[in-house]
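Next come the chains, spelled out residue by residue.
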Amino acid sequence: MQSGVAIARGALVLMRMVVFGLTLGITLISFQAYRKRPSERLQYAFVGFAFISMGVAVTSVITQLSTGRIGPLAVVFFQMAETIPFIIGFAMLYVSLYR
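This report concerns the structure included in the present document.

Criteria and thresholds
- Residues numbered from 1 in each chain as written.
- Predicted model: local features only at pLDDT ≥ 70, side-chain atom pairs only at ≥ 80, totals over all residues.
- Heavy atoms only, no water.
- Helix = DSSP H or I, 4+ residues; strand = E, 2+ residues; numbered from the N terminus.
- Rg over C-alpha atoms; globule rule 2.2 N^0.38 Å.
- Buried < 20%, exposed > 50% of the residue type's maximum accessible area, 1.4 Å probe, protein only.
- Contact = heavy atoms within 4.5 Å.
- Areas by Shrake-Rupley, 256 points an atom, 1.4 Å probe, with all protein chains shown as cover.
- Phe/Tyr/Trp six-rings, centres within 6.5 Å; stacked < 30°, edge-to-face > 60°.
- Expected span 1.5 Å × (residues − 1).

### So, the overall build of the chain
- Of regular secondary structure, the chain possesses three helices and zero strands.
- Against the compact-globule benchmark of 13 Å for 99 residues, the chain has a radius of gyration of 17 Å, which places it well outside the compact range.
- Principal axes of the C-alpha set define a box for the chain whose edges measure 55 × 30 × 15 Å.
- Burial statistics for the chain: of 99 residues in total, 17% are counted as buried.
- Within the chain, counting contacts between residues at least 6 apart in sequence, those at least 24 apart form 70% of the total.
- Surface accessibility of the chain: about 7300 Å² in total, with carbon and sulfur atoms responsible for 73%.

This is the structure:
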């Protein structure tokens, strides 16, 4: 049973790395689009994707840190810290689409 848990955790880490790689790829593409045709909309899109990438990275790190025994207040703090980059990122994407 222990080996099954280890395999599942390894698969989860691999999937999180794939998600992070995809978000970095989108961020790079949006940056290249902004460099080719500088506009306010593309700038907001690039910043939004950058914050979403940061949110994915922070979520992965916090999940690894919070596997130990921590208090419920620390869990809530960690969850808030991982949500803030997503809020900023999606707000920037919203602005880029509706400006």
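### Thoughts on the packing of aromatic side chains
- In total, this model carries three aromatic pairs according to the counting rule given.
- Ring geometry for Phe77 and Phe78: centres 6.3 Å apart, planes at 45 degrees, overall tilted.
- Taken together, a centroid distance of 5.0 Å and an interplanar angle of 40 degrees make the contact between Tyr94 and Tyr98 tilted. Of this pair, Tyr94 and Tyr98 both sit in helix H3 (residues 72-98), four residues apart, which is roughly one turn of that helix. Judged on exposure class, the residue Tyr94 and its partner Tyr98 are both exposed.

### Some points on helix H1 (residues 2-36)
- Spanning 35 residues, H1 covers 51 Å between terminal C-alpha atoms, matching the ideal 51 Å at 1.5 Å per step.
- Residues of H1 that are buried include every one of Thr23, Thr27 and Ser30, and no others.

### A word on the environment of Ala45
- With respect to the secondary-structure elements, Ala45 resides in helix H2 (residues 40-65).
- Spatially, the C-alpha atoms of Ala45 and Ser30 are 6.8 Å apart, while their sequence positions differ by 15 residues.
- Setting aside its immediate chain neighbours within four residues, Ala45 contacts Ser30, Leu93 and Ser96.

### What about the side chain of Ser96?
- Here Ser96 shows up in helix H3.
- Judged by relative accessible area, which is 7%, Ser96 ranks as buried.
- The contacts of Ser96, once residues within four sequence positions are left out, are Arg41, Tyr44 and Ala45.

### What to know about H3
- Here H3 spans 39 Å end to end across 27 residues, near enough to the 39 Å set by a 1.5 Å rise per residue.
- Among the residues making up H3, those that are buried are Glu82, Pro85, Gly89, Leu93 and Ser96.

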